[in-house]
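Structural overview for review
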Amino acid sequence: MKLLLLFFVSLWMCFSFSNSQRSFQKRTSNFQVGVILDLNNYSTRLSLHVRDSQGQVIEAAAAGLDLLKNVKVDAILGPETSAQANFLMDLGDRAQVPIISFSATSPSLHTRTPYFVQATQGDDTQVGAIAAIVKAFRWSQVVIIYEDSEYGSGIVPYLSNAFQDVNAHISYRSVFPVSASDDFVLKELYKMMTLQTRVFVVHMSYTLGVRLFLKAKEIGMMEKGYAWIITSGLTDLVYLLDSDAAEAMQGVLGVKPLIPKSKQLNSFVNRLKKKSLEKSPGIGRADLSMLGLWAYDTLWALAMAAERVGLKETPKALENSSVNLNVSDLFNFKTSEVGPQLLKAMSEAKFEGLSGKFHLVDGKMESSSYQIINVVGNGQKEVGLWIPSHGIRREMNMNTTIHDTSSRENIRSIIWPGDSTVVPKGWEVPMSGKKLKIGVPVKAGFTDFVRVTRDGQANGRISGFYIDVFKSVMEALPYAVPYELVPFENPDGSSAGTYNDLIYQVFLRNYDGAIGDITITANRSKYVDFTLPFAEGGVLSIMLITYEDVNDIWAFLKPLKKELWLTSIAFFFLTGLTVWILEHRVSSAFRGPPSQHVGMIFYFPFSTLVFAHQEKILNNLARLFVVVWMFVILILSSTYTASLSSRLTVQRIQPSITDVNELIKNRDFVGCQEGSFIVDFLKKQGFEGSRIRTFTSPDDCDEALSRGSKNGGISAFYDVIPYSKLFLSKHCDKYMTVGPTHRTDGFAFAFRKGSPLVADVSRAVIELTENGKILEMEQNWLRNEPTCAGPEDSMNSITISLQSFKGLFAITGGVTAVCLLIFIGSYLYKYREFHRRISNSRITIWSKVVAICRHFDQRSLSFRQPQDKLPEAGIMQNSSSENSVQPTDFPRNHSNSSEIVSSAPEEVRDASATIHCLNLEDISAAQHSGVIHPSA
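Remember, predicted model here, so these are calculated numbers, not experimental data.

1. Considerations on the overall build of the protein chain
Secondary structure assignment for the protein chain yields 29 helices and 31 strands. Expressed as a percentage of its 936 residues, the buried residues of the protein chain come to 50%. Here the analysis covers contacts within the protein chain between residues at least 6 apart in sequence; of these, 72% occur between residues at least 24 apart. Working note: accessible area of the protein chain is about 45900 Å², and carbon and sulfur atoms make up 52% of it.

Rendered as structure tokens:
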């Protein structure tokens with residue numbers, strides 16, 4: 001075999017390199033290296049410590065014990081299989097002897113002990129390339145076929161993660177025993193033929209893999225529509241295929257590590273041709289096995305490590321020791337002194353070998369790029385490259401910008417199985433000839449969208465808007481999918497269950513899918529996969545329309561809401577109080593007995609409603625406030641008048657109940673379609689199950705809504721938006737939607753979990769939605785009454801709320817506060833001396849409050865109107881101060897303050913009485929207050 005020939009040539013060249021160094025050194029180091037290979041077909045022997053594992057793990061283990069115990073080797077090279085390496089690595093760890101393998105590729109090996117050197121690409125490095133191929137061709141499902149061994153199962157977890165990253169689902173895992181019989185192979189292949197998935201990833205040894213493809217070719221699984229991908233273990237040995245195997249594997253894709261071009265590799269191939277011209281004529285670079293190249297580079301690295309470590313005495317042992325071990329001291333061997341040094345030296349080795357850059361990272365070869373090859377004719381052709389950090393490319397040129405590295409455009413043309421150039425879609429209906437069985441719900445009523453009639457034909461008696469949508473979607477697929485529509489019914493033609501029951505039957509694989517007016521819900525999505533919705537979702541509440549009674553004796557209160565009425569009344573009172581405070585001291589219209597004060601406070605703001613107030617405003621602050629208030633009154637009264645007029649002249653509709661909480665509180669009955677998910681929806685809203693009634697036809701709903709909950713009917717009917725619109729289009733003068741739209745997903749088609757149809761059907765739904773085909777079908781099926789105006793077109797009652805006037809009330813409230821603060825601040829500052837003396841006096845707090853109130857109640861003479869004249873009883877204006885009055889006959893020596901103003905006017909006497917009641921020692925406070933001034 002070319003592989004064995006290349007391997008032994010590599011050994012010879014490597015040891016020639018070692019022997020050539022002797023002429024340059026005085027002393028030569030001899031390192032004992034063991035080799036374990038399957039020698040059944042070997043025709044060449046080298047002077048090495050060779051042991052034959054005979055393809056068995058036990059034989060390999062016995063050989064390893066012999067080499068470690070008797071030969072005392074410092075390194076063991078060549079456990080060919082992962083299973084052999086899995087056992088020998090433990091022995092090497094105990095003896096501290098490196099176990100070096102160039103063909104054991106299981107990803108789990110290198111993590112167990114540092115004394116195992118995986119001088120090869122692990123199987124986990126190729127899963128990215130395989131997943132990239134699956135993504136490039138948009139295959140959503142794959143089948144993994146692998147052998148039941150350490151080599152076969154080690155890659156599976158990595159493949160699973162890689163496919164998950166590209167949104168590909170593993171629909172089936174087929175495990176083959178290493179010694180599988182032909183009957184077993186056929187049985188598994190026939191089982192896979194019944195699957196919808198047509199993409200297969202094969203990870204097997206060479207012998208078992210060839211047998212698999214020969215049987216697959218025999219039963220027709222290498223025909224058009226199938227896609228096969230093989231891992232690097234098989235791809236690396238494609239050049240060894242005979243004519244029958246090559247014919248069986250036509251169109252297969254494979255991945256294998258990329259062999260970079262180099263002068264060293266070309267020189268090696270030329271030398272190899274000369275040495276094996278007779279046995280292997282025509283050998284070339286494409287025929288080189290990666291295992292052989294790794295073997296060459298591994299031996300080169302081992303030789304370099306040996307030279308680096310230095311001298312070592314030759315052990316006293318026979319090179320051809322027989323494997324005759326005593327069980328009592330089976331594992332009684334010494335640890336190697338040179339092994340750790342040799343391991344370290346080899347781990348640090350870095351050079352450009354035949355297979356590329358040789359560099360060990362954590363005991364295994366550094367990952368590299370992969371070739372994507374296509375088996376064609378008697379050989380293979382490269383159709384692309386996969387680079388870990390750049391994805392799929394046609395060439396190794398890193399300067400070329402590729403926007404989408406996962407596109408199939410980056411792969412050259414491929415010949416697929418069956419000599420086809422058409423890319424397999426990745427799945428198809430099984431070859432058994434069965435059509436897809438699609439379940440359709442059966443209902444007695446609400447048949448505008450899905451209708452099942454008994455005319456003796458399966459497809460002919462199923463019709464409706466959503467049935468036409470499904471048929472159009474299936475026709476829009478880029479491939480033909482045979483299917484049959486099957487009513488979900490009992491033998492007597494009645495419905496076989498609810499929509500949830502139909503979904504569960506799909507889950508049980510009694511149906512391949514279900515179509516119709518099926519709403520996407522979280523619970524249903526646990527059992528099936530839904531496509532994108534083709535109809536809008538949402539639940540509406542439909543209630544009976546009632547009309548306002550224009551003859552209601554309290555109709556005049558309805559234009560404004562309760563909170564607006566209360567706020568308006570409060571501001572009316574605040575307005576009257578504010579104007580009284582600002583005008584009381586300066587205007588005679590706001591003076592008088594307390595009853596007149598209260599009357600003016602309530603009268604003035606209400607008189608402004610019709611602008612009938614006659615009181616003259618003197619204070620500028622009061623004038624500013626009244627102007628703002630008049631603007632508020634103008635807006636409020638105009639709005640009220642318009643709303644009331646509209647209510648009295650136009651009959652307005654209103655729902656019987658406006659809130660779902662009111663329905664729950666009153667324990668009213670509500671309704672929905674029979675078998676619908678809305679029953680569960682209403683229970684989640686808070687309705688009792690006993691208060692929910694289901695109906696089978698729109699006429700029953702109409703009758704129940706008309707009767708009402710108190711008369712054996714329902715107060716509200718809940719349904720999805722499409723049915724609600726259809727129902728209202730026929731009864732728009734009787735019913736209306738009330739409340740918000742409860743958000744739900746729309747109607748969609750349901751298929752089995754993992755069905756590859758879901759993605760393609762969803763894309764077809766989007767296409768038909770965008771091009772208007774679904775809307776056109778809806779218009780053909782659902783023709784609304786053109787003369788029937790729905791509730792949206794009718795005039796609805798509008799009750800004005802406080803929200804509409806918050807701005808106006810905020811303005812008038814702000815102006816009120818500013819005016820009052822300015823007025824009070826001015827008053828306190830102007831009469832600050834008076835208030836200081838009142839606060840410092842030794843009277844009760846209540847007396848102080850009374851004194852201040854009496855002082856505030858006095859009329860301010862500084863704002864006296866022109867028509868107001870002072871009485872002439874001993875009082876005259878002071879020419880120097882318009883704010884003061886003088887008593888004409890003021891006795892300067894009077895001790896009784898009551899005599900000071902005995903002849904003063906009433907206003908002055910009141911002020912003086914206040915001072916007199918306080919028993920003040922003098923009248924200086926009154927003089928400073930501006931109410932009384934002594935004559936000059």
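Don't stop here, the text continues.
2. Section: the packing of aromatic side chains
Tallied over the full model, the rule gives 27 aromatic pairs. Measuring from ring centre to ring centre gives 5.9 Å for Trp 139 and Trp 416, while their planes differ by 75°; the resulting arrangement is edge-to-face. Here Trp 139, found in the loop between helix H4 (127–136) and strand S6 (141–147), pairs with Trp 416, found in the loop between strand S16 (391–393) and strand S17 (436–441); they are 277 residues apart in sequence, far enough to count as distant. Trp 416 shares its class with Trp 139; the two are buried. A centroid spacing of 5.1 Å and a plane angle of 75° characterise the contact between Phe 470 and Phe 749, whose relative ring orientation is edge-to-face. A residue pair is termed long-range when its members are at least 10 positions apart, and Phe 470 in helix H14 (residues 465–476) and Phe 749 in the loop between strand S28 (735–742) and strand S29 (750–752) qualify at 279 residues. Overall, the relative accessible area of 0% leaves Phe 749 in the buried class. An aromatic cluster is present here, built from Phe 449, Phe 465, Tyr 466, Phe 470, Tyr 483, Phe 534, Tyr 723, Phe 747 and Phe 749 joined pairwise through their rings. Geometry around Trp 427 places Lys 425 over its ring, the cationic atom sitting 5.9 Å from the centre. The ring of Phe 669 has Arg 693 lying over it, and the distance from NZ or CZ to the ring centre is 3.6 Å.

3. Considering the environment of Ala 642
Mapped onto the elements, Ala 642 comes out in helix H18 (residues 620–649). For the pair Ala 642 and Pro 559, spaced 83 residues apart in the sequence, the C-alpha separation amounts to 8.9 Å.

4. Points about the packing of H14 against helix H24 (residues 773–781)
For the pair H14 and H24, the least separation of the axes is 10 Å and the interaxial angle reads 150°. Judged by the angle between their axes, H14 and H24 are roughly antiparallel. Where H14 crosses over H24, the two elements pack in a sense that is right-handed. Facing Phe 465, Asp 468, Val 469 and Ser 472 of H14, the residues of H24 in contact are Lys 773, Ile 774, Met 777, Glu 778 and Trp 781.

5. What about the UniProt feature "transmembrane region" (unreviewed entry) in the protein chain?
The residues that UniProt annotates with the feature "transmembrane region" (unreviewed entry) are residues 564–582, 624–642 and 807–829. Annotated as residues 564–582, this span is 100% helix and 0% strand, and its ends, taken at the C-alpha atoms, are 27 Å apart. Here residues 624–642 is 100% helix and 0% strand, with 28 Å between the C-alpha atoms at its ends.

6. Some words on the sheet that holds strand S8 (residues 199–203)
Strand-to-strand pairing in sheets goes through backbone hydrogen bonds, with the strands running parallel or antiparallel. Pairing is mixed in the open sheet, where eight strands are placed in the order S7-S6-S8-S9-S10-S14-S15-S16. Pairing within the sheet leaves two strands with one partner each, and these edge strands are strand S7 (169–176) and S16. Put simply, the sheet's adjacent strands are angled 25° from each other on average, direction ignored. Where strand S9 (residues 227–230) lies against strand S10 (residues 253–257), two bridges are found, and the strand directions are parallel. Residue Ile 229 lies in a different strand from S10, and its bridge partner there is Leu 253.

7. Brief notes about the pairing of strand S12 (residues 356–361)
With four bridges joining them, strand S11 (residues 350–353) and S12 adopt antiparallel strand pairing. Along S12, the bridge assignment pairs Gly 353 with Gly 356. Inspection of the sheet shows S12 paired to strand S13 (residues 364–365) by two bridges, in the antiparallel sense. By the bridge assignment for S13, Val 361 is matched with Lys 364. Following S12, the chain reverses through two residues before pairing antiparallel with S13; Asp 362 in that reversal takes a positive phi of roughly 55°.

8. Re the state of the cysteines
Tallied over the entire structure, the rule returns zero disulfides. The closest cysteine sulfur to the non-disulfide-bonded Cys 672 is located on Cys 701, 8.7 Å from its own sulfur. Judged by relative accessible area, Cys 672 falls into the buried class, the value being 0%. Looking at Cys 701, the relative accessible area reads 0%, which means it is buried.

9. Quick word on the packing of helix H12 (residues 290–309) against helix H13 (residues 339–347)
As a packed pair, H12 and H13 sit with axes 8 Å apart at the nearest point and diverge in direction by 120°. The angle between the axes of H12 and H13 places the two elements in the oblique class. You can see that H12 and H13 cross each other, and the crossing is right-handed. Residues Thr 298, Ala 301, Leu 302, Ala 305, Ala 306, Arg 308 and Val 309 of H12 form the contact with H13, whose participating residues are Gln 341, Leu 342, Ala 345 and Met 346.

10. Some thoughts on the environment of Phe 856
The residue Phe 856 is located in helix H27 (residues 845–857) in this model. Look at Phe 856 and you get buried, because its relative accessible area is 18%. In the structure, Phe 856 is positioned 275 residues away from Ile 581 in sequence and 9.6 Å away in space, judged by C-alpha atoms. Excluding anything up to four places from it in sequence, Phe 856 contacts Trp 580, Ile 581, His 584, Arg 585, Phe 823 and Tyr 827.

11. Some remarks on the sheet that holds S17
Pairing is mixed across the open sheet formed by five strands, whose spatial order is S20-S17-S21-S29-S22. Since the sheet does not close on itself, it has two edges, and those belong to strand S20 (483–488) and strand S22 (528–530), each with one partner. In this sheet, S20 lies alongside S17 in parallel orientation, the contact comprising six bridges. Paired with Leu 436 across the bridge in S20 is Tyr 483. Contacts between H14 and the sheet are confined to S17, S20 and S29, with S20 contributing the most and set at about 160° to the helix.

12. Quick look at the pairing of strand S27 (residues 716–720)
Most of S27 sits inside the fold, with five of its five residues counted as buried. Burial along S27 is two-sided: Ala 716, Tyr 718 and Val 720 facing one way and Phe 717 and Asp 719 facing the other are all buried. As paired elements, strand S25 (residues 670–673) and S27 share two bridges and run parallel to each other. In the strand pairing of S27, Gly 671 is matched with Phe 717.

13. Observations concerning the side chain of Ser 336
Structurally, Ser 336 can be placed in the loop between H12 and H13. Polar side-chain contacts of Ser 336 include one of 2.9 Å to the backbone nitrogen of Gly 339. Setting aside residues no more than four positions away along its own chain, Ser 336 makes contact with Asp 74, Ala 95, Gln 96 and Val 97.

14. Notes on a nonpolar patch on the surface
Where nonpolar side chains cluster on the molecular surface, the patch consists of Tyr 504, Phe 507 and Leu 508 and spans about 270 Å² of accessible area. Looking at the element boundaries, Tyr 504 is found in helix H15 (residues 499–507).

15. Description of the pattern of salt bridges
As enumerated under the stated definition, the model contains 17 salt bridges in all. Where Asp 124 meets Lys 364, a salt bridge forms, and the shortest distance between an N and an O atom there is 3.4 Å. Of this pair, Asp 124 sits in the loop between strand S5 (116–118) and H4 while Lys 364 is found in strand S13, placing the two residues 240 residues apart along the sequence. Two residues, Arg 752 and Asp 512, come together in a salt bridge whose shortest N-O distance is 2.9 Å. A residue pair is termed long-range when its members are at least 10 positions apart, and Arg 752 in strand S29 and Asp 512 in the loop between H15 and strand S21 (513–514) qualify at 240 residues. On the basis of relative accessible area, Asp 512 is assigned to the buried category, the value being 15%. Through salt bridges with shared partners, a single network forms among Asp 182, Arg 211, Lys 215 and Glu 218.

16. What about helix H8 (residues 206–219)?
Between its first and last C-alpha, H8 extends 20 Å over 14 residues, near the 20 Å set by a 1.5 Å rise per residue. Looking at H8, one finds that the buried residues are Leu 208, Gly 209, Val 210, Leu 212, Phe 213, Lys 215, Ala 216 and Ile 219. Looking one or two residues beyond H8, the residue adopting positive phi is Gly 220, at roughly 90°.

17. With respect to the environment of Val 117
One can find Val 117 in strand S5. With a relative accessible area of 2%, Val 117 lands in the buried category. Taking the C-alpha atoms as reference points, Val 117 and Met 365, separated by 248 residues in sequence, lie 8.6 Å from one another. If near-sequence neighbours (up to four positions away) are discounted, Val 117 is found in contact with Ile 99, Ile 100, Ser 101, Leu 343, Leu 360 and Gly 363.

Definitions and limits used
Residues numbered from 1 in each chain as written. Predicted model: local features only at pLDDT ≥ 70, side-chain atom pairs only at ≥ 80, totals over all residues. Heavy atoms only, no water. Helix = DSSP H or I, 4+ residues; strand = E, 2+ residues; numbered from the N terminus. Buried < 20%, exposed > 50% of the residue type's maximum accessible area, 1.4 Å probe, protein only. Contact = heavy atoms within 4.5 Å. Areas by Shrake-Rupley, 256 points an atom, 1.4 Å probe, with all protein chains shown as cover. Phe/Tyr/Trp six-rings, centres within 6.5 Å; stacked < 30°, edge-to-face > 60°. Lys NZ or Arg CZ within 6 Å of the ring centre and 35° of its normal. Axes fitted to C-alpha atoms, helices over the stretch in contact; angles between N-to-C directions. Parallel < 35°, antiparallel > 145°, perpendicular 65-115°, else oblique. Left-handed = near helix turned anticlockwise from the far one by under 90°. UniProt positions renumbered as here; feature names shortened; annotations may be inferred. Pairing = 2+ DSSP bridges. Disulfide = S-S within 2.5 Å. Polar contact = N/O pair within 3.5 Å; in protein donor to acceptor, adjacent residues only side chain to side chain. Patch = residues over 30% accessible without salt bridge, like charges linked within 9 Å, V, L, I, M, F, W, Y side chains within 5 Å. Salt bridge = Lys/Arg side-chain N within 4 Å of Asp/Glu carboxyl O. Expected span 1.5 Å × (residues − 1).

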